[in-house]
Amino acid sequence: MTMPPDLRDRLPVLLPFRLCRSKTQHRLGAGSGALLCVSLVLFAATASAQAGRVVPSTLQVIAKWAPLLLTGFAFNILISAFAMLLGTITGLGLGLGLLSELRPIRQVSWALTQIFRNAPWLVLLFFVMFLVPFQITIFNVRIPFPDWVKATVGFALPVMANVAEVVRGAVKSLPSTQWEAAEALAFTRRQTMWRIILPQCIKRMLPPWMNIYSLVTMSTVLASIVGVSEMLTLTAQVHAAEGGRPELFAPLYGFALLCFFLYCYPINLWTAQLERRFQTR
Amino acid sequence: MDAISGWFQRLYESTGFNFSIFYDSYDWNRYVSGLKMTLILSVTTILISLVLGAAGALIQSGPSRLLRSLVNAFVVVFRNTPPLVQLFFFYFGLGTMLPATETATGMREPLLNNVGWAIISLSLFAAAFNVEIFRSGIEAVPKTTIEAAEALGYTRFKAYCHIVLPLAIRVCLPALNNNLVNLLKTTTLAYAIAVPETLYALKQIWSESQNVLEMMIVLLATYGILVGVLVWLMHRWERAMHIPGYSR
């Protein structure tokens, strides 16, 4: 038995599903934000109470080493910016490859996208770190690849695949009438793509692109596993320099958490805001 | 089995491609135990994160403001900090604060070992995303359906378990699928606290046998297959849960 269509519209089984509903976005209100700060301070205080009087308190230790740790954090952001730049440029190319009219190009780009999207970031990072030589020689010119450059390339690979998907999704989401109108005005395919389709897509691509950026920033700490001296490596070294007291672990890593949170949360809020503003439906 | 190992042995002798795990039983056992650990990690974290996500979404639609803001803070914090730092924070920071016993030989025996902390930390990380996903699924359930359940005398919890959640899961399956694949990939982070999962096992093998490229290929193939299996299972589940007459 099927319902008549007008009744089905009035009594839906489920409403249309949208992942990011605008009204009740996750955000910290003043209350929960204050709660978070208080718990952080309390936490640091209990940790320092455990430490006793003879040794410097936890907050003093963090204050003492904060400049070094923040330099490490700046290095993380530098890596993420370069990885994003590299990944966006190559990803744009790969995304256009996914939309190519030539079958082989489409298939190769599809395979590349799938491989780099489905492999864990850490595995890709290992891949680049171990298989790219530390320097190459072209015409007697030695080009060195320090480890952080290799790490950047390692992060750029998954970014590339994700950006390619974003580009493809954005282009596919445009109404086909745009293509038809461009054709009617005698634009070539390339002109249509670069002058009509892609400019309209920027608006749609920006929020997911910023999401990817926030993901990359959070992934840059993986570089510490392969020996790049970024924030997490420095945190471990600072901990060792302070005598390796076990009660220092939580505040030091907590400080790292805080730095990343303060950087990524505003980006996330901004992304959500842009998403709301650009909502076309 | 012998044919396979013989073939890989000959491949090594003739071309130098050393897939040692396929003919060396010691390496093979290490690889399989690594694979088992990855499976244990992924299955437990997926289940725990689903339960936590559903519970978080229930609390978020609940009446208590305090609980709501707590869940909110949890989601915001865990979504916006790197999972690796979370893992270190839990394992090194909290792990050393927990009381520990001593073994007969005087070694420190912590309450939770590294596998336990990896499971907890990864589950919490994925649960933060699941709360968000389930919540948007719940928003797709019409208010009239919940009112009908109330009229039939369901309590809020019962209505959630029997009516709201089953409907919500059906709409948010694609998003959930994405997050679970992500979680499977994130289990590699457990490498950093020396959980002997696939990456760890293969790293050991390639440091001993000097066959980095070959083991890297095995590693990529392994994760490709694992992700493929998970996606296939989730698609089957999606088809089985399909609501007749409801499609987008």
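This text goes with the structure placed above it.
*Asks:* So what's going on with the overall build of chain B? Which residues, and what values?
*Replies:* On a plain count of helices and strands, chain B comes out with 9 helices and 2 strands. Listing each helix as α and each strand as β along chain B from the N terminus yields α-α-α-α-β-β-α-α-α-α-α. Expected size for 248 residues packed as a compact globule is a radius of gyration near 18 Å; at 23 Å, chain B overshoots this value by more than 25%. Dimensions along the principal axes, computed over C-alpha positions, put chain B at roughly 75 × 55 × 30 Å. Expressed as a percentage of the 248 residues in chain B, the buried residues total 42%. The long-range fraction of contacts in chain B, counting pairs at least 24 apart against all pairs at least 6 apart in sequence, stands at 72%.

*Asks:* How would you sum up the nonpolar core? Please name residues and give values.
*Replies:* Residues Leu122(A), Tyr253(A) and Val85(B) are the most contacted members of the largest nonpolar core, which totals 129 residues. For this core, the element with the highest residue contribution is helix 5 (residues 114-139) of chain B, accounting for 15 residues.

*Asks:* Talk me through helix 5 of chain B; I want residue IDs and the actual numbers.
*Replies:* Over its 26 residues, helix 5 of chain B extends 38 Å from the first C-alpha to the last, a length consistent with the 38 Å expected when each residue adds 1.5 Å. Within helix 5 of chain B, 22 of the 26 residues are buried, which leaves it mostly tucked inside the rest of the structure.

*Asks:* Run through the packing of helix 3 (residues 58-98) of chain A against helix 8 (residues 189-219) of chain A, naming residues and quoting values.
*Replies:* The relative placement of two packed helices comes down to the angle between their axes together with the axis-to-axis distance. All names here are of chain A. At a closest axis distance of 9 Å, the pairing of helix 3 and helix 8 adopts a crossing angle of 135°. Between helix 3 and helix 8, the angle is such that the two are oblique. Along this stretch, helix 3 crosses helix 8, giving a crossing that reads as right-handed. Only Tyr 213, Val 216 and Thr 217 of helix 8 make contact with helix 3, whose side of the interface consists of Ile 77, Ser 80, Ala 83 and Met 84. Split by residue class, the contact of helix 3 with helix 8 holds 5 nonpolar, 2 polar and no charged.

*Asks:* Tell me about unusual backbone geometry, and please be specific about residues and values.
*Replies:* Look at Ala186(A): it is not a glycine, yet its phi comes out positive at around 65°. Structurally, Ala186(A) can be placed in the loop between helix 7 (176-184) and helix 8. Residue classification places Ala186(A) among the exposed positions, given that 7 C-beta atoms sit within 10 Å. The backbone of Ala194(B) sits at a positive phi, close to 60°, despite the residue not being glycine. With respect to the secondary-structure elements, Ala194(B) resides in the loop between helix 7 (156-186) and helix 8 (198-209).

*Asks:* I'd like to hear about the interface of chain B and chain A, residue by residue, with values.
*Replies:* The interface of chain B with chain A comprises 47 residues on the first partner and 44 residues on the second. Put simply, the parts of the chain that give the side of chain B that touches chain A at least two residues each are helix 3 (65-79), helix 4 (83-94), helix 5, helix 7 and helix 9 (212-240) of chain B. Of the residues belonging to the side of chain B that touches chain A, the class tally is 32 nonpolar, 12 polar and 3 charged.

*Asks:* With reference to specific residues and values, describe the environment of Leu15(A).
*Replies:* The residue Leu15(A) is located in the loop between helix 1 (5-10) and helix 2 (30-51) in this model. Given 13 C-beta atoms within a 10 Å radius, Leu15(A) is considered partly exposed. The residues touching Leu15(A), leaving out its near neighbours within four places in the chain, are Ala140(B) and Pro142(B).

Procedures and definitions
Residues numbered from 1 in each chain as written. Chains lettered and ligands numbered in written order. Predicted model: local features only at pLDDT ≥ 70, side-chain atom pairs only at ≥ 80, totals over all residues. Helix = DSSP H or I, 4+ residues; strand = E, 2+ residues; numbered from the N terminus. Rg over C-alpha atoms; globule rule 2.2 N^0.38 Å. Buried ≥ 20, exposed ≤ 12 C-beta atoms within 10 Å, placed from the backbone. Contact = placed C-beta atoms within 7 Å. Core = buried A, V, L, I, M, F, W, Y, C linked by C-beta atoms within 7 Å. Expected span 1.5 Å × (residues − 1). Axes fitted to C-alpha atoms, helices over the stretch in contact; angles between N-to-C directions. Parallel < 35°, antiparallel > 145°, perpendicular 65-115°, else oblique. Left-handed = near helix turned anticlockwise from the far one by under 90°. Nonpolar A, V, L, I, M, F, W, Y, C, P; charged D, E, K, R; others polar.

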